[in-house]
Amino acid sequence: MQKDAYTLILEAIEGGTYRPGDRLVESELADRLGVSRTPVREALQRLETQSMLTRDGRSLIVASLDHNQLAELYVVRAELEGLAARLAAKHATEEEIRVLKGMIEEDRAHLGDPEALSRANRRFHKQIHLASHNRFLVQQLGLVHRSMALLATTSLAAEGRGEAALAEHEAIVTAIAAGDETAAQAALRAHISRAFETRLKLDAASAKRAGES
């Protein structure tokens, strides 16, 4: 099935083709996507209402998150992801658990490549969302992860974070496989907390470098 303009633009933002602060021009997007300007205009309006885009004068640019918004996003993410892990421990099938374990092994090949590991990380978390077997939770987590695309960098770029994240993924899946709802929830919430801490350190280091330049 052919993807619509909205999906194509959203995927371009999520994939890093367009980053926070980048200007999106209707005519350029239409040419790039090979569609007319009307569906592009409608897609941009929809993304603006979802706070994925913001106005800069007359232009639309990819939105960015300030410190408070980032903190708010991680609070919500920790709670919802933790709930997903808890429900996955209760409802995940043997097949879903095997898929999660397989993902961890496959993702080791991406160590040293933060962007590839980031994409793999999104797939892993999406699989846990699906294993919760709660469509409303999956929908809300989709909105949260869409907002994560507004972060210019990945916390997995920090030295040693990739290896640590995979170890945390293993702990999450071990708890899910054991049917331990409390442990699964705690493991995933701890995983999100460490990712947030790493991101704060990266942002602080970036701000320090900017101040020294």
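Thresholds, definitions, all that
- Residues numbered from 1 in each chain as written.
- Predicted model: local features only at pLDDT ≥ 70, side-chain atom pairs only at ≥ 80, totals over all residues.
- Heavy atoms only, no water.
- Helix = DSSP H or I, 4+ residues; strand = E, 2+ residues; numbered from the N terminus.
- Rg over C-alpha atoms; globule rule 2.2 N^0.38 Å.
- Contact = heavy atoms within 4.5 Å.
- Areas by Shrake-Rupley, 256 points an atom, 1.4 Å probe, with all protein chains shown as cover.
- Lys, Arg positive; Asp, Glu negative; His and termini not counted.
- Charge placed at Lys NZ, Arg CZ, Asp CG, Glu CD.
- pLDDT = per-residue confidence, 0-100.
- Pairing = 2+ DSSP bridges.
- Salt bridge = Lys/Arg side-chain N within 4 Å of Asp/Glu carboxyl O.
- Buried < 20%, exposed > 50% of the residue type's maximum accessible area, 1.4 Å probe, protein only.
- Phe/Tyr/Trp six-rings, centres within 6.5 Å; stacked < 30°, edge-to-face > 60°.
- Lys NZ or Arg CZ within 6 Å of the ring centre and 35° of its normal.
- Polar contact = N/O pair within 3.5 Å; in protein donor to acceptor, adjacent residues only side chain to side chain.
- Core = buried A, V, L, I, M, F, W, Y, C linked by side-chain atoms within 4.5 Å.

**Q** Just checking my understanding: could you explain the overall build of the protein for this structure?
**A** Secondary structure assignment for the protein yields 9 helices and 3 strands. A compact globule built from 213 residues would reach a C-alpha radius of gyration of about 17 Å, and the protein, at 18 Å, matches this within 12%. Viewed in the frame of its principal axes, the protein has a C-alpha envelope of about 55 × 50 × 30 Å. The contacts of the protein with a sequence gap of at least 6 include a subset with a gap of at least 24, amounting to 75%. A total accessible area of about 11,800 Å² is found for the protein, and carbon and sulfur atoms account for 49% of it. Positive and negative charge centroids in the protein, built from 28 and 31 side chains respectively, lie 2 Å apart.

**Q** It is not clear to me how the confidence of the model for the protein should be interpreted in this structure. Could you clarify?
**A** Atom-level detail of predicted coordinates should not be read off regions where pLDDT is low. With 95% of its residues at a pLDDT of 70 or more, the protein has an overall mean of 91. When mean pLDDT is compared element by element in the protein, helix α5 (residues 94–107) scores highest at 97, while helix α9 (residues 181–212) scores lowest at 87.

**Q** How should I be thinking about the pairing of strand β2 (residues 53–56) in this particular structure?
**A** Residues in a regular strand project their side chains so that they alternate between the two faces of the sheet. In terms of strand pairing, β2 meets strand β3 (residues 59–62) through 4 bridges, oriented antiparallel. Its bridge partner being in β3, T54 is matched across the sheet by I61. Remark: 2 residues form the turn of the hairpin made by β2 and β3, two consecutive strands paired antiparallel; G57 in that turn has positive phi of roughly 70 degrees.

**Q** Is there a simple way to explain the pattern of salt bridges in this structure?
**A** In a structure, side chains of opposite charge can pair up when their charged atoms sit close to one another. Counted under the stated rule, the structure contains 11 salt bridges. Taking the shortest distance from any N to any O, the salt bridge between E26 and R37 comes out at 3.1 Å. Here R37 lies in helix α3 (residues 37–49) and E26 lies in helix α2 (residues 26–33), a separation of 11 residues in the sequence. Residue class for E26 comes out buried when judged on its relative accessible area of 16%. Several salt bridges converge on common partners, so that one network encompasses E26, R37 and R41.

**Q** For this particular structure, what's the right way to read the packing of aromatic side chains?
**A** Between two aromatic rings, the relevant description is the distance of the centres plus the angle of the planes. A complete count under the given rule lists 1 aromatic pair for this structure. Taking 4.7 Å as the distance between ring centres and 15 degrees as the angle between the ring planes, the aromatic pair formed by Y74 and F196 counts as stacked. Of the two residues, Y74 is situated in helix α4 (residues 67–91) and F196 in helix α9; the sequence distance between them amounts to 122 residues. Taking the ring centre of Y6 as reference, the NZ or CZ of R46 above it sits at 3.6 Å.

**Q** In this structure, what is going on with the side chain of E81? I would like to understand it.
**A** By secondary structure assignment, the location of E81 is in helix α4. Of the polar contacts made by the side chain of E81, one reaches the side chain of H145; its length is 2.6 Å. Residues contacting E81, with those up to four places away along its chain left out, are H125, H129, L141, H145, L188 and I192.

**Q** So what exactly am I meant to see when it comes to the environment of E96 here?
**A** Looking at the element boundaries, E96 is found in helix α5. A relative accessible area of 14% places E96 in the buried class. E96 sits 67 residues away from L29 along the chain, and the two C-alpha atoms are 38 Å apart. A distance of 2.9 Å separates polar atoms of two side chains, one belonging to E96 and the other to H133.

**Q** Please explain the nonpolar core as it appears in this structure.
**A** One recurring pattern in soluble globular proteins is that nonpolar side chains are buried together. Y74, F124, I128 and I176 are the most contacted members of the largest nonpolar core, which has 32 residues in total. Elements represented by at least two residues in this core include exactly α4, α5, α6 (114–131), α7 (135–148), α8 (161–177) and α9. Broken down by element, the residue count for this core peaks at 9 residues, all from α4. Ignoring any residue separated from it by four or fewer positions in sequence, one finds I176 in contact with A85, A88, A89, A92, I97, L100, I128 and A184.

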